[in-house]
Amino acid sequence: MAHPLAKYIRKGAQPHTHCSGCGNGIIAQSFLRAVDEVGIGKQKIVCVAGIGCSGWIPSPFFDVDTLHVTHGRPIAFATGVKLGNPELEVVVFTGDGDASAIGGNHLIHAARRNIGIKVICVNNMIYGMTGGEVAPTTPRGTKTTTTPFGNLERPFDLSKLVIAAGGTYVARWTTYHVARLVASMKKALTRDSFAFLEVLSHCPVHYGRSIGITDPVQMIRWFQKQSVTIEKAREMSEQDISGKFVVGEFVDVEAPELTRLYAELFEAANRDTN
Amino acid sequence: MQGNEACALGAVAAGCRFFAFYPITPAGEIAEKMSQLLPRARGVYIQMEDEIAAIGSVIGASWTGLKAMTATSGPGFSLMQENIGYAVMTETPCVIVDVQRAGPSTGIVSAPMQGDVVQARHGSHGEYDIIALAPSSAQEMFDLTIRAFNLAEQYRTPVIVLADETVGHMREEVIIPEEDSLTITNRKASSNAEEAALGFLSPSVAPMPIFGKGFAAHVTGSSHDEHGMRQASAPEAIDKIVRTINQKIASHTGQISSIEKVMMEDADIALVAYGSCARTAEYVVRKARKKGIRVGLVRPIGLWPFPARDMEEALKLVKRVIVLENNLGQLFPEIERAVPDDAEAIFLAPEILATLHRPDYVMKHVTQEAR
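What you see is a predicted model; the values in this text were computed from it and never measured. (Residues numbered from 1 in each chain as written. Chains lettered and ligands numbered in written order. Predicted model: local features only at pLDDT ≥ 70, side-chain atom pairs only at ≥ 80, totals over all residues.)

Asker: What's the story with the overall build of chain A in this structure? I'm lost.
Answerer: Across its full length, chain A holds 11 helices and 8 strands. Whereas a compact globule of 274 residues would reach a radius of gyration of roughly 19 Å, chain A reaches 19 Å, a difference of no more than 12%. The principal-axis extent of the C-alpha atoms belonging to chain A is close to 70 × 50 × 30 Å. A total of 274 residues make up chain A; the buried ones form 50% of that total. Relative to all contacts within chain A whose residues are 6 or more apart in sequence, the contacts with residues 24 or more apart total 67%. (Helix = DSSP H or I, 4+ residues; strand = E, 2+ residues; numbered from the N terminus. Rg over C-alpha atoms; globule rule 2.2 N^0.38 Å. Buried ≥ 20, exposed ≤ 12 C-beta atoms within 10 Å, placed from the backbone. Contact = placed C-beta atoms within 7 Å.)

Asker: Quick question: what am I supposed to make of the interface of chain B and chain A here?
Answerer: Many analyses report the size of an interface as the accessible area lost when the parts associate. Contacts between chain B and chain A engage 37 residues on the former and 34 residues on the latter. Contributing elements (two or more residues each) for the side of chain B that touches chain A: β1 (16–21), β2 (44–47), α3 (51–62), α4 (74–89) and β7 (218–220) of chain B. Broken down by element, the residue count for the side of chain B that touches chain A peaks at 8 residues, all from α3(B). Classifying every residue of the side of chain B that touches chain A gives 19 nonpolar, 11 polar and 7 charged. One ladder, built from 3 bridges, connects strand β2 (residues 65–68) of chain A with β7(B); its direction is parallel. (Nonpolar A, V, L, I, M, F, W, Y, C, P; charged D, E, K, R; others polar. Pairing = 2+ DSSP bridges.)

Asker: I tried to follow the sheet that holds strand β13 (residues 344–348) of chain B on my own but got confused; where do I start?
Answerer: Each strand in a sheet pairs with another by means of backbone hydrogen bonds, the pair being arranged parallel or else antiparallel. Residue and element names in this part refer to chain B. Pairing within the open sheet is mixed, and its 5 strands lie in the order β8-β10-β9-β12-β13. At either margin of the open sheet sits one strand with a lone partner, and together these are β8 (259–262) and β13. Neighbouring strand axes in the sheet, compared pairwise and without regard to direction, differ in orientation by 20° on average. Strands in contact with helix α14 (residues 359–370) are β9 (269–273), β10 (295–300), β12 (320–324) and β13; relative to β12, the strand with the most contacts, it is inclined by about 165°. (Axes fitted to C-alpha atoms, helices over the stretch in contact; angles between N-to-C directions.)

Asker: Quick question: what am I supposed to make of the environment of Pro23(B) here?
Answerer: Residue and element names in this part refer to chain B. Within the secondary structure layout, Pro23 lies in the loop between β1 and α2 (28–37). The class for Pro23 is exposed, based on 11 C-beta atoms found within 10 Å. For the pair formed by Pro23 and Ser62, sequence separation is 39 residues and the distance between their alpha carbons is 21 Å.

Asker: Would you take a moment to explain the packing of helix α11 (residues 277–290) of chain B against α14(B) for this structure?
Answerer: Two quantities define a packed helix pair, namely the angle between the axes and the distance from one axis to the other. All names here are of chain B. Put simply, α11 and α14 touch, their axes get as near as 9 Å, and they point 55° apart. When the interaxial angle is binned, α11 and α14 end up oblique. Crossing angle aside, the handedness with which α11 passes α14 is right-handed. Between α11, through Thr280, Ala281, Tyr283, Val284, Lys287 and Ala288, and α14, the contact on the second element is made entirely by Pro359, Val362, Met363 and Val366. Considering only residue class, the contact of α11 with α14 consists of 8 nonpolar, 1 polar and 1 charged. (Parallel < 35°, antiparallel > 145°, perpendicular 65-115°, else oblique. Left-handed = near helix turned anticlockwise from the far one by under 90°.)

Asker: What exactly am I supposed to notice about the domain arrangement of chain B here?
Answerer: All names here are of chain B. Taken as a whole, chain B is organised into domain 1 (3–181), domain 2 (193–251) and domain 3 (259–370). Contacts between the two partners involve 22 residues from domain 1 and, on the opposite side, 20 residues from domain 3. The set of elements that each furnish at least two residues to the side of domain 1 that touches domain 3 consists of α5 (117–122), β5 (131–133), β6 (158–164) and α7 (165–169). For the side of domain 1 that touches domain 3, the element with the most residues is α5, which contributes 4 residues. Each residue belonging to the side of domain 1 that touches domain 3 can be placed in one class, and the counts come to 15 nonpolar, 4 polar and 3 charged. (Domains from an automatic or database assignment.)

Asker: Explain the pairing of strand β5 (residues 169–174) of chain A here, please?
Answerer: When a strand is regular, its side chains alternate between the sheet's two faces. Residues and elements named next belong to chain A. Summarising burial for β5: 6 of the 6 residues are buried, a large majority. Residue alternation in β5 divides its side chains into two sets, Tyr169, Ala171 and Trp173 and Val170, Arg172 and Thr174, and both sets are buried. By the bridge criterion, 4 bridges tie β5 to strand β8 (residues 245–252) in an arrangement that is antiparallel. Looking across to β8, one finds that Ala171 is bridged to Glu249. Across 5 bridges, the pairing between β5 and strand β6 (residues 195–200) is parallel. Directly across from Arg172, in β6, lies its bridge partner Glu198. Each parallel crossover has a hand, and the one from β5 via helix α6 (residues 178–190) to β6 is right-handed. (Right-handed = clockwise from strand over helix to strand, strands pointing away.)

Asker: Looking at this structure, I do not really get the sheet that holds β6(B). What am I missing?
Answerer: Residues and elements named next belong to chain B. Spatially, 7 strands are ordered β2-β1-β3-β4-β6-β5-β11 in an open sheet, and the strand pairing comes out mixed. Two strands close off the open sheet at either side, each with one partner strand: β2 and β11 (302–304). This sheet shows a mean twist of 20° between the axes of neighbouring strands, independent of strand direction. Relative to β2, β1 is paired through 4 bridges, and the arrangement is parallel. Across the sheet, the residue bridging to Phe18 is Val44, located in β2. Contacts from α3 reach β1, β2, β3 (67–72) and β4 (94–100) within the one sheet, and its direction differs from that of β3 by about 170°.

Asker: Would you mind going over the nonpolar core with me for this structure?
Answerer: Considering soluble globular proteins, one finds that nonpolar side chains tend to be buried as a cluster. Counting residues in each nonpolar core, the largest one holds 192 residues, and the members touching the most others are Val48(A), Val81(A), Val97(B) and Leu271(B). Looking at which element gives the most residues to this core, the answer is helix α6 (residues 138–155) of chain B, with 10 residues. Residue contacts for Leu271(B): discarding those within four places in its chain leaves Ala281(B), Val284(B), Val285(B), Val295(B), Leu297(B), Ile322(B) and Leu324(B). By size, the runner-up hydrophobic cluster in this structure holds 8 residues, among which are Cys22(A), Ile126(A), Tyr127(A) and Val134(A). (Core = buried A, V, L, I, M, F, W, Y, C linked by C-beta atoms within 7 Å.)

Asker: Would you take a moment to explain α11(B) for this structure?
Answerer: Every α-helix carries 3.6 residues per turn, so stepping three or four residues along brings you back to the same face. Residue and element names in this part refer to chain B. Taking 1.5 Å per residue, 14 residues should reach 20 Å; α11 reaches 21 Å between its end C-alpha atoms and fits that length. Within α11, the full set of buried residues consists of Cys277, Ala278, Thr280, Ala281, Val284, Val285 and Ala288. Looking straight down α11, one finds that the buried residues subtend no more than 155° of arc, so they occupy a single side. Packed against the buried residues of α11 are β8, β9, β10, β12 and α14. Gly292 occupies a position one or two residues after α11 and carries a positive phi of about 85°. (Expected span 1.5 Å × (residues − 1). Arc of directions from axis to C-beta.)

Asker: Please explain unusual backbone geometry as it appears in this structure.
Answerer: Residues and elements named next belong to chain B. A cis amide bond links Thr25 with the next residue in sequence, Pro26, at an omega value of 5°. Structurally, Pro26 is set in the loop between β1 and α2. Along the chain, Gly103 connects to Pro104 via a cis peptide bond; the corresponding omega equals 15°. Unusually for a residue other than glycine, Ser105 sits at a positive phi of about 55°. Among the secondary structure elements, Ser105 is positioned in the loop between β4 and α5.

This is how it looks when you write it as structure tokens:
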């Protein structure tokens, strides 16, 4: 019997290339479940992938149009795809380094523009593919392969960053919160506007080693233990929240979506000349 | 009309329906004009957050089937290099206009220089070939922008219009032909799944599996096979890519890169110049002819791939070649190679770089060589 989501997997693309125990599998399945439940036709979906482990979620495994681009730039490329054909459902798979270090500028501007692309940011709090180097999201004090004495810098809160930039749908879950992640993905896929979904993902190989939890199941349990919902967090003191992962749906508002504004502009420009 | 405006008109006439830009002098007028023209053509003008994003969005738009362009100058052109390499690697048609200014670095924003000639050829990492055209008039800003789109569409590759500040900002008569009389090339797009499955790496240029048609195209800047599927560890795969994407351009050099000859029939001396330098050169040629000096002009219109064979043919009877560039000799080595063994090649920069060659300065050298 075929897996119910097998129709979304590109023929000949397996075996996959993720490390054993990687969170990418959970995110891949969550996304495909959301696509299936929302009922978007495969031919309408374009996945734009950055460089890093997260890019290999859709590329080449999803049987959809896929643009696997340069490091940090998937949101810029996706902006061109969406403006080029607004009928397409353009989904970016990016990592924390891809989206917030080298590509941070594109992230905040896509949120500001409210272009209707959906950004799934796989945040494993480290550079996985290149060897476990410190990332802008690595918690302070963490020992990585390039911070052997502990990370001196403060980490980015990516969801807060996107909220500040004007993101109209911003949610964060972990690879423990599968049902809620699928629900948020479905919501993102049914809205016109820009959406940012941060998924804290367990990387037992690199981040796990940094914090001394190398078993993937233990890492997921650790996510469960360390997470508090935004609703709960609102009633907690800053001290109590420190070190926790605040999860939930942070923003859900509508605003004029960019490709719709272009469509209106085209109508107006052609009315004036007639 | 201004050269930069002519460039925008040429782009829209060629069918450009996506233009992304980051503000920079001296390319600004191209963007202003595009922002006026495109909405009526139901095309997108977007100002991106930087030049990296501008070329990135252009490549994304091209995969939806649109003809797409960006324009910039030296600093922005430097930022675009990585994604230009991506466009080469993924065989993505697009046009990049570089209105060169004086550099390195910020340099002088509104002074003419031809400092990006080698960058246009070799600016992105890896082994690749590229097409670059050098307009020398406002008319050619129109004509060569159309030609750039046609070549990009035909060969599925980024094409660079290597203009300079003088050509971009000069105002002169531009004849805009009737739409029907223009030659416009459109890319071959995959028409069925079998064609789409072989969307890359054909020496004769594979049809492009445009997004949204149900082909599940896989486009990657990583080493890949003719199906677009990643072959990240096989040297044979990258060998095939490099040879194929270079060969599809190099083997058509004669059709891609033309040269113009002025009064070369009986010339003993040839001036070789391109872009704005060719204007001074042609002026000097005509003036020297009145003095009875047998001098002509050879003007490469396509700089890359370098039209070596045509250049050799054009120079085969001359005794002296004077190469005029507004740099310290970026195209000179290519031209020197095309000079006959019994002739001599001399390089002549303007007395002061980032200014145009003064005609009497060039004339002095021509007269000297004629003795």
